[in-house]
Amino acid sequence: MSTTAIETTTFRCIEWADETVKLIDQTRLPTEEVWLELHDYRDVIEAIKSLRVRGAPAIGVAGAYALVLAAQEFVNEPDFTHRLSISADEIADARPTGANLAWAIRRMTALVQSIDSPKQVIEKLTAESLLIQREDEEANRRIGQFGADLLSNGSSVLTHCNTGALATGGYGTAFGVIHTAWSQGKVKHVYATETRPLLQGARLTAWELVRAGIDTTLLPDSAAGMIMCQGIIHAVITGADRIAANGDTANKIGTYTLAVLAKEQGIPFYIAAPTTTIDMSLPSGEQIVIEQRNPDEVTHLRGSRIAAAGVSVYNAAFDVTPAELIAGIITERGVSKKPHTKSLKTLMERADG
Ligand code: MRU
């Protein structure tokens, strides 16, 4: 493995260091690599909302660190627990679709005991937030192995949006599968979609793939059908933001289109995600809240208007792919196969490891 590849596999987009949150500002990539140091939990909320940090698992990690910042801020307040609880709600509400943010805040707040002193709470929360990031990275490495086992030697895969270290606690979900399979010689080429409107594929996935030394072709989202009908794509692999109990999966807008095209062309369509993205409280994708984002993201590019003034805009950030279109949901506990309702239940009841 080359030096570049090793750096790529250890890269983290967010870290807790010197009692602050350090994160790479993803809105500036790939042209500038700017690291931010955030001392106020409200700035982390802003970073989540504006996609400086994004990707469901990475948002979960950011939310956990934000809660530690809140605890530090309120340490001398008489109503410490109350203020911490309000900030926890504010953080959890920063973005609605990705399951990992609310999951991480629930996991963190469950640790707060009324008998603990504020300093004890800070110690507990700090340890837990670091654990959340470490566990996510470890889960991704297992996902990478399970996913690589599904691919044949010399495969070309198509992926959408960004699922690498930039979107997670480390290593990546669908990106982790691609990276593991590439290092085993199973993936020989990657096709990455641009991912309109915010170009996470062109800006972020292409950046990560090039850094990892993986042969990559970037394509406009609208070229996916053309590429797939040429018989050169052996699998489509994407990440997930929230997976319902029946396997219906919310992921970046455009994923559903790719799954339908894959079915038409007889190409297996896989989702890769940690079990922390699975929401067993939702029976199906119909209950998943889909984030609607600012119309400017569609009408403007890097601050310049590209659409006719006055036009109305549809800017749902995610769509839902029905479970029956998904050949496998690759998790750190194994691969869910159809019927996903039964398979996911078994996976979720199984202990890690
Ligand atoms: O809106 P974003 O950039 O936060 O979207 C999240 C994603 O990058 C994807 O939907 C991804 O597949 C899930 S997170 C690994």
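Residues numbered from 1 in each chain as written. Predicted model: local features only at pLDDT ≥ 70, side-chain atom pairs only at ≥ 80, totals over all residues. Heavy atoms only, no water.

(A) Representation of the overall build of the protein. Helix and strand content of the protein: twelve helices and 16 strands. Relative to its length of 353 residues, the protein is compact, with a C-alpha radius of gyration of 20 Å against a globular reference of 20 Å. Counting across all 353 residues of the protein, residues that qualify as buried make up 55%. When contacts within the protein are restricted to residue pairs at least 6 apart in sequence, those whose partners lie at least 24 apart make up 75%. Total accessible area computed for the protein in this model is approximately 14800 Å², and 52% of it derives from carbon and sulfur atoms. (Helix = DSSP H or I, 4+ residues; strand = E, 2+ residues; numbered from the N terminus. Rg over C-alpha atoms; globule rule 2.2 N^0.38 Å. Buried < 20%, exposed > 50% of the residue type's maximum accessible area, 1.4 Å probe, protein only. Contact = heavy atoms within 4.5 Å. Areas by Shrake-Rupley, 256 points an atom, 1.4 Å probe, with all protein chains shown as cover.)

(B) A look at the site of the ligand. In the vicinity of the ligand lie 17 residues, with Arg54, Arg95, Asp241, Asn251 and Lys252 positioned nearest. At 2.9 Å from an oxygen atom of the ligand is found a side-chain nitrogen or oxygen belonging to Gln200. Residue Asp241 places a side-chain N or O atom 2.5 Å away from an oxygen atom belonging to the ligand. Within the complex, 100% of the 410 Å² of free accessible area of the ligand lies under protein. (Near = heavy atom within 4 Å. Polar contact = N/O pair within 3.5 Å; in protein donor to acceptor, adjacent residues only side chain to side chain.)

(C) View of unusual backbone geometry. The linkage connecting Leu29 with the following residue, Pro30, adopts the cis geometry, with an omega of 5°. Residue placement: Pro30 occurs in the loop between strand 2 (20–24) and strand 3 (35–38). Note the cis peptide between Lys338 and Pro339, where omega equals 0°. Tracing the backbone through its elements, the reader meets Pro339 in the loop between strand 16 (334–337) and helix 12 (340–349). Phi is positive for Tyr171, close to 75°, though the residue is something other than glycine.

(D) Geometry of helix 4 (residues 80–92). Taking 1.5 Å of rise per residue, the 13 residues of helix 4 would be expected to cover 18 Å, and the 18 Å separating its terminal C-alpha atoms lies within 8% of that figure. All buried positions along helix 4 are accounted for by Phe80, Leu84, Ser87, Ala88, Ile91 and Ala92. End-on view of helix 4: buried residues confined to an arc of 135°, all on one side of the axis. Residues of helix 4 that are buried in the fold lie against helix 2 (41–49), helix 3 (56–73), helix 5 (99–109) and helix 6 (118–148). (Expected span 1.5 Å × (residues − 1). Arc of directions from axis to C-beta.)

(E) Quick look at the sheet that holds strand 9 (residues 249–252). Strand order in this open sheet of four strands is 11-8-9-14, and the pairing throughout is mixed. One side of each edge strand has no neighbouring strand; the edge strands of this open sheet are strand 11 (278–279) and strand 14 (318–321). In this structure, strand 8 (residues 242–244) lies alongside strand 11, joined through two bridges in parallel fashion. The residue of strand 11 that forms the bridge with Ile243 is Ile278. (Pairing = 2+ DSSP bridges.)

(F) Local environment of the state of the cysteines. One pass over the full model with this rule turns up zero disulfides. Free of any disulfide, Cys161 has its nearest cysteine sulfur in Cys13, 13 Å distant. The class for Cys161 is buried, based on a relative accessible area of 8%. (Disulfide = S-S within 2.5 Å.)

(G) Broad picture of the pairing of strand 1 (residues 14–17). Residue alternation in strand 1 divides its side chains into a buried set, Ile14 and Trp16, and an unburied set, Glu15 and Ala17. Hairpin connection of strand 1 to strand 2: two residues between the antiparallel strands, including Asp18 at a positive phi of 50°.

(H) A look at the environment of Ser222. By the secondary structure assignment, Ser222 is in the loop between strand 6 (216–219) and helix 9 (224–228). C-alpha separation for the pair Ser222 and His160, spaced 62 residues apart in sequence, amounts to 12 Å.

(I) Just the packing of aromatic side chains, in detail. Across all of its chains, the model carries four aromatic pairs by this definition. For the ring pair Phe11 and Trp207, a centre distance of 5.9 Å and an interplane angle of 75° mean the geometry is edge-to-face. Note that Phe11 is positioned in the loop between helix 1 (3–10) and strand 1 and Trp207 in helix 8 (residues 200–211), a separation of 196 residues in sequence. Looking at Trp207, the relative accessible area reads 10%, which means it is buried. Look at Tyr41 and Phe74: their rings are 6.2 Å apart centre to centre, the planes differ by 65°, and that puts the pair in the edge-to-face class. Of this pair, Tyr41 sits in helix 2 while Phe74 sits in the loop between helix 3 and helix 4; the two residues are 33 residues apart in sequence, bridging distant segments of the chain. By relative accessible area, Tyr41 is classed as buried at 3%. Overall, the relative accessible area of 3% leaves Phe74 in the buried class. (Phe/Tyr/Trp six-rings, centres within 6.5 Å; stacked < 30°, edge-to-face > 60°.)

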